[in-house]
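A look at the structure
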Amino acid sequence: MKSIRLRDGKDRSLRRRHPWVFEGSIAKGKADPGETVRIEDGEGRFLAWGAYSPSSMIRVRAWSFDEAERIDAAFFGRRIRTALALRARLPIASSGVRLVHGEADGLPGLIVDRYGDTLCAQFGTAGTERHKPVIAELLLQATGLSRLYERSDAGVRRLEGLPAQTGWLRGDGPTELAITEHDWQLTLDVAAGHKTGFYLDQRDNRALFARWVRRLGCREVLNCYCYTGGFTVAALAGGAAQVLSVDSSAPALQRVQAQVAQNGFDAARSAVLEADANQCLRDHLQAGRRFDAIVLDPPKFAPTVAHAERAARAYKDINRLALLLLAPGGLLFTFSCSGGIGPELFHKIVAGAAHDAGVDGAIVERLAAAPDHPQTLNFPEGEYLKGLAVLKAA
Ligand code: SAH
C-alpha cells in the first residue's frame, strides 16, 4: 500500500473529515491513477484512505476515515446501500431520483441518477474510474435494475486526465426515458441531455413554483434558461395563461413543446424562444412587456471562487432586468448553481440588483436543491444550488 505524506499542519481539513487533499499539501508520495493510498500526517499517523489522481489539483479524494476499513467491493457495496437507504427515507415525489451524490454520499466523483428502471452514472474521477466495473455491478445489484448508461463526459474528467466516455455500461435500449415528477409526465434523453439528462435538483422548486403561480394567480410567465421546460410545465400546472420559455439550446426547446403537449396543456399557452436570456430580458424590457412571474435558472457562472466577481456582475444584471420586467406584485424565482457563490453572497447580489432597479420586494422562500442532493456538514462545497423567491412590491 502506497502512502501519501502531508506537509506539517496540512492535516486539519482531513481531520474535520473534508475529503479533499490538494496538490500543495503533499510532502511526498505518488501512486497510479485511482490507486488507493494511505494518507498520513507529517508524523506518519493515519488520516484516511483515498484515491490518488496524478493530474488533478485535488490530488487525493478520501474514501474512508476509518483505518480498519478496506477499499474493496464490500466497501462500495456498503456506501451504495447507505445512499439508497437515505433516499428511501426522503420525500421524493418522482420516479427520477439522485441515488448517489458524490462526496455527500462518501463516494467522491460518483453521480448516479435513477430514471424509472434505468440508471445513469457519471464516473468523474480517477478513483471512480478505477473501480467502475465493481461499482456498476453493485449499483445494479442494489437497485435490482439491469440498465446502466454511462455519462462520464463532464468537464471534471479533463482535470483528472480522463477521456470522455459515454454509452451503455450494462444492458441497452432507447436512451429517451420518461419519469413522473409530482403529477407531471416528463421526458429526457440520457445520451443527449445535459449532465445525466435532467435537472433533478430543481424538482421541489418546480412544485413550489406551481403553488405560488396558483396562489398569486400569475397569468404571464417568463421561464429563462428553461432547458426542457420543467418550470414551464409547473407554471402551466399552476394555471398560468401563457408561458414564454427561453434557452440557447434548440434541442432543449423542442422538448419543452413536447412536454407541454404530453401533459395535456393547450399548445397555444406555451411559446419558446431560442436566444440569449440576458438579451431576451433586455428586448422585452425595451418593448414594454410585463410578466407576473419570472424564473431565472442560469448555468454555472462561477465554477470556483476565483470566478465569483465576474459571475456576481452577470447574476446582478439578469436579476436587475428581471425585477424591472416584473409587473408590480410579481414573483421572481431566481437561482445560482455556482459553487463559488454562497447563499449569503447570492442574497447580496439580488439585493443589489433590486436596489439598482429601484424595486423593493419580500423574500418569501429560500430555495435549495432537493434532498436527494444532500448537503453534509463536513463538505460545504456540496451546497451549490441556492435560490430566492422574491415578491416584488405591489
Ligand atoms: N431550469 C431548468 C434547468 C436550467 S439549466 C430545469 O428546471 O430543468 C441552464 C440552462 O441554461 C441550460 O438549458 C442551457 O442550455 C441554458 N443556457 C446557457 N446559457 C444560456 C444563455 N446565454 N441564454 C439562454 N440560455 C442559456
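Quick notes on the rules
Residues numbered from 1 in each chain as written. Predicted model: local features only at pLDDT ≥ 70, side-chain atom pairs only at ≥ 80, totals over all residues. Heavy atoms only, no water. Domains from an automatic or database assignment. Buried area = accessible area lost by both parts, 1.4 Å probe. Salt bridge = Lys/Arg side-chain N within 4 Å of Asp/Glu carboxyl O. Polar contact = N/O pair within 3.5 Å; in protein donor to acceptor, adjacent residues only side chain to side chain. Helix = DSSP H or I, 4+ residues; strand = E, 2+ residues; numbered from the N terminus. Near = heavy atom within 4 Å. Areas by Shrake-Rupley, 256 points an atom, 1.4 Å probe, with all protein chains shown as cover. Nonpolar A, V, L, I, M, F, W, Y, C, P; charged D, E, K, R; others polar. Buried < 20%, exposed > 50% of the residue type's maximum accessible area, 1.4 Å probe, protein only. Axes fitted to C-alpha atoms, helices over the stretch in contact; angles between N-to-C directions. Parallel < 35°, antiparallel > 145°, perpendicular 65-115°, else oblique. Left-handed = near helix turned anticlockwise from the far one by under 90°. Contact = heavy atoms within 4.5 Å. Pairing = 2+ DSSP bridges. 1 Å grid on protein atoms, 1.4 Å probe; cavity = no way out; pocket = protein on both sides within 12 Å on 5 of 7 lines; lining within 4 Å. Points joined across faces, edges and corners; volume = space filled by probe spheres on them.

**Examining the domain arrangement of the protein chain**
Along its sequence, the protein chain is carved into domain 1 (2-64), domain 2 (73-177) and domain 3 (199-392). At the boundary of domain 2 with domain 3, total buried surface from both sides reaches about 1100 Å², with 64% on carbon and sulfur atoms. The tally of links from domain 2 across to domain 3 stands at 1 salt bridge. In this structure, glutamate 176 engages arginine 255 in a salt bridge whose closest nitrogen and oxygen atoms are separated by 3.0 Å. Across the contact surface, domain 2 and domain 3 share 4 residue pairs in polar contact (both at pLDDT 80 or more). Counting only elements with at least two residues in the side of domain 2 that touches domain 3, the list comes to α2 (73-89), β7 (96-101) and β8 (110-115).

**As for the site of the ligand**
Taken together, the neighbourhood of the ligand is formed by 15 residues, with Arg206, Asp247, Asp276, Ala277 and Asp297 sitting nearest. Contact distances for the ligand include 2.7 Å between an oxygen atom and a side-chain N or O atom of arginine 206. The separation between a nitrogen atom of the ligand and a polar main-chain atom of serine 248 is 3.1 Å. In the complex, 88% of the free accessible area of the ligand, which totals 590 Å², lies under the protein chains. Here the residues of the shell around the ligand sort into 8 nonpolar, 3 polar and 4 charged.

**Structural notes on the pattern of salt bridges**
By the definition in use, this model includes 27 salt bridges. In this structure, arginine 15 engages aspartate 41 in a salt bridge whose closest nitrogen and oxygen atoms are separated by 2.8 Å. Highlighted residues: arginine 15 in helix α1 (residues 12-15) and aspartate 41 in the loop between β4 (36-40) and β5 (46-52), separated in sequence by 26 residues. Since its relative accessible area comes to 46%, arginine 15 is described here as partly exposed. Judged by its relative accessible area of 2%, aspartate 41 falls in the buried class. Residue arginine 170 is joined to glutamate 137 by a salt bridge in which the shortest nitrogen-to-oxygen separation is 2.9 Å. Residue arginine 170 is found in strand β11 (residues 165-170), and its partner glutamate 137 is found in helix α4 (residues 132-143); the two are separated by 33 residues along the sequence. A residue is classified by how much of its surface remains accessible, and arginine 170, at 26% relative accessible area, is partly exposed. Residue class for glutamate 137 comes out partly exposed when judged on its relative accessible area of 37%.

**Describing the packing of α2 against α4**
Orientation of α2 relative to α4, taken along the N-to-C sense of each, is 40°, at an axis distance of 10 Å. Between α2 and α4, the angle is such that the two are oblique. Classified by chirality, the crossing of α4 by α2 is right-handed. When α2 is examined against α4, the residues Ala73, Phe76, Gly77, Ile80 and Leu84 are found in contact with a partner set consisting of Val134, Ile135, Leu138, Leu139, Ala142 and Thr143. Classifying every residue of the contact of α2 with α4 gives 9 nonpolar, 2 polar and no charged.

**Side note on the sheet that holds strand β15 (residues 242-247)**
The 7 strands lie next to each other as β16-β15-β14-β17-β18-β20-β19, forming an open sheet whose pairing is mixed. In the strand order of this sheet, the two ends are held by β16 (270-274) and β19 (361-368), each with one partner. Strand-to-strand twist across the sheet, computed as the mean angle between neighbouring axes with direction ignored, equals 15°. The sheet contact formed by strand β14 (residues 220-224) and β15 spans 5 bridges and is parallel.

**Some points on the pairing of β7**
Burial analysis of β7 places 6 of its 6 residues in the buried class, which makes it a mostly covered element. Two strands pair when backbone bridges link them, and β7 and β8 are joined in this way by 5 bridges, in the antiparallel orientation. Paired with arginine 98 across the two strands is aspartate 113, which belongs to β8.

**Brief notes about unusual backbone geometry**
In most cases, non-glycine residues show a negative phi, while peptide bonds are predominantly trans. Positive phi, normally seen in glycine, also occurs at tyrosine 225, with a value near 60°. With respect to the element layout, tyrosine 225 can be found in the loop between β14 and α7 (230-237). A positive phi angle, near 50°, is found at tyrosine 227, a position not held by glycine. Tyrosine 227 gets classed as buried once you look at its relative accessible area, which sits at 10%.

**Things to note about empty space enclosed by the protein**
If you walk through the whole model with that rule in mind, you get 1 cavity of 30 Å³ or more. If you trace the largest cavity, you find it lined by Ala51, Ser53, Arg61, Trp63, Pro108, Thr125, Gly127 and Thr128. Broken down by secondary-structure element, the contributors of at least two residues to the lining of the largest cavity are β6 (58-64) and α3 (126-130). Broken down by class, the residue content of the lining of the largest cavity amounts to 3 nonpolar, 4 polar and 1 charged. Both of domain 1 (2-64) and domain 2 (73-177) provide at least three residues apiece to the lining of the largest cavity.

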